[in-house]
Amino acid sequence: MRTKHTSHSLPSFPVYSSAFVSPNEFVLGGGGGQSKTGIKNKLRLYHTEGDKTLELIHELELASGEDAPMSIATHPHTEEIVCGINSAQDALKDGQNQNCRAYHVKENEISLSKTQSTLTLAGEDDDYQRVTVFSPNGKYLAVAGTHELSVLNYPVLDPVAPPIRLDKGEIFDATFSSKNLVIASTVNMFVYSLPSDTGSDSAEERTGSVPKKLELLQTIERPSLPGKDAGSSFRAARYHPQDEKVLYTIVNTVPPRTRAKSSPRRAFVCKWDAETWKVTKLRQVSDRQVTCFDVSPDGKLLAFGSSDLTVGVLDAHTLAPLLSILKAHEFPPTTLHFNPKSDTLISGSADNTVRIVTIPPNLGATSWGAWLLFIVALLVVLFAVLAQQMQHVL
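Notes on the structure in this doc start here. Since the structure is predicted, the reported quantities are computational estimates derived from the model, not experimental observations. (Residues numbered from 1 in each chain as written. Predicted model: local features only at pLDDT ≥ 70, side-chain atom pairs only at ≥ 80, totals over all residues. Heavy atoms only, no water.)

Examining the side chain of Asp351
Move 1: Tracing the backbone shows Asp351 in the loop between strand E27 (344-349) and strand E28 (353-358).
Move 2: Summary of buried charges: Asp351 has no salt-bridge partner, and the nearest side chain of opposite charge, Arg355, is 7.7 Å away.
Move 3: Within the structure, Asp351 has its side chain in polar contact with the side chain of Thr353 (distance 2.6 Å).
Move 4: In this view, Asp351 contacts His329, Glu330 and Phe331; residues no more than four positions away in its chain are not counted. (Helix = DSSP H or I, 4+ residues; strand = E, 2+ residues; numbered from the N terminus. Buried < 20%, exposed > 50% of the residue type's maximum accessible area, 1.4 Å probe, protein only. Lys, Arg positive; Asp, Glu negative; His and termini not counted. Salt bridge = Lys/Arg side-chain N within 4 Å of Asp/Glu carboxyl O. Polar contact = N/O pair within 3.5 Å; in protein donor to acceptor, adjacent residues only side chain to side chain. Contact = heavy atoms within 4.5 Å.)

Below you can see the structure in the form of structure tokens.
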């Protein structure tokens, strides 16, 4: 079955973030940022039926001078989203950056619910909330800029622990299991233990004093990759939604600094055993760096967007390629997400487009079916050869 996908033009709306709020509705965040381009920064709620139909239901224009929504996460159990949006420059000068913002999405409208400041910007600092991730039960929220990550209780948005600050490398992603938090930086992955669940709503109530630091359980080095690249960096990390013993990462290579023609900036998907922290499978997926990544909620598929403008889908078990959309966008994809039913994939880009991909129900099964048929056919041939040889012997 041929996979259907359609690109939809969104005039004057560069897309930087996305999140599904239902199987057929998703929110896009985008705009011109804090630069004076005249392009408004907005959150937009869309409805889709298949890949062909895209209907704008509601849009919320942000205040003048505020930044574009650079990351979005949907609460796993409620009709709420949390976005990373820097405040206007006047507020930043006063140290009032309400960058972490929670919104209700109900009755076809997006409405602001609560804000929290986790990033303090000064001078020419261009940091922003690049990571916004919920824990599987929706109790915790991780938000991060370039060097600092905060874990908050949801929905009160109070800190669970003091912020985690990295002295080396940049934070690019974070992912929760039921017990741990994994932070992916350019140089390492860090595994932290989450607080025990006592039913309290804040860290102060649990300890009776200031919040305690999260316990660092392990620091994971970057995996060894084939080739002659000088190094690599983690770009994304996701726990398997159905199996916490499995974690996936995107690792982009860094070419050596020589006068010779540099090697391509390749990208790899790594499948990890999250108990031993060993790589169990590895596959190169692009000759360019991967910019965004997602795992389907049913745990069967992986999707990535590459700076070569490709959107690809892999089998989550074997890492075998199942789908590749060349030139999915004019600019590299900035965001990519599966819907809750794992039957739709969207990707967005700063080129003012969103692409909707309909995932066939047998996409992963087709790969397995082909391999099974091949194995069965091979066994039939082997048995036939053995039978013929036995006849000659007798």
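Examining the side chain of Ser135
Move 1: By the element assignment, Ser135 lies in the loop between strand E10 (131-134) and strand E11 (140-144).
Move 2: Judged by its relative accessible area of 3%, Ser135 falls in the buried class.
Move 3: At a separation of 2.7 Å, a polar atom in the side chain of Ser135 contacts the side chain of Asn137.
Move 4: Those residues in contact with Ser135 that lie beyond four places of it in its chain are Pro76, Tyr140 and Phe176.

Remarks on unusual backbone geometry
Move 1: Looking along the chain, the bond that leaves Tyr154 and enters Pro155 is cis, with omega of 15 degrees.
Move 2: Structurally, Pro155 can be placed in the loop between strand E12 (148-153) and strand E13 (164-165).
Move 3: Even without being glycine, Trp277 reaches a positive phi, approximately 60 degrees.
Move 4: Looking at the element boundaries, Trp277 is found in the loop between strand E20 (267-273) and strand E21 (278-286).
Move 5: Here Trp277 falls in the buried class, since its relative accessible area comes to 9%.
Move 6: With a phi close to 50 degrees, Lys327 is a non-glycine residue in the positive phi region.
Move 7: Position of Lys327 among the secondary structure elements: in the loop between strand E25 (321-325) and strand E26 (333-338).

Overview of the pairing of strand E19 (residues 246-254)
Move 1: The buried fraction of E19 amounts to 8 of the 9 residues, a majority that puts the element mostly inside the structure.
Move 2: As judged from the 8 bridges shared by strand E18 (residues 231-239) and E19, these two strands associate in the antiparallel manner. The residue bridging Ser233 from the neighbouring strand is Asn252, located in E19. (Pairing = 2+ DSSP bridges.)

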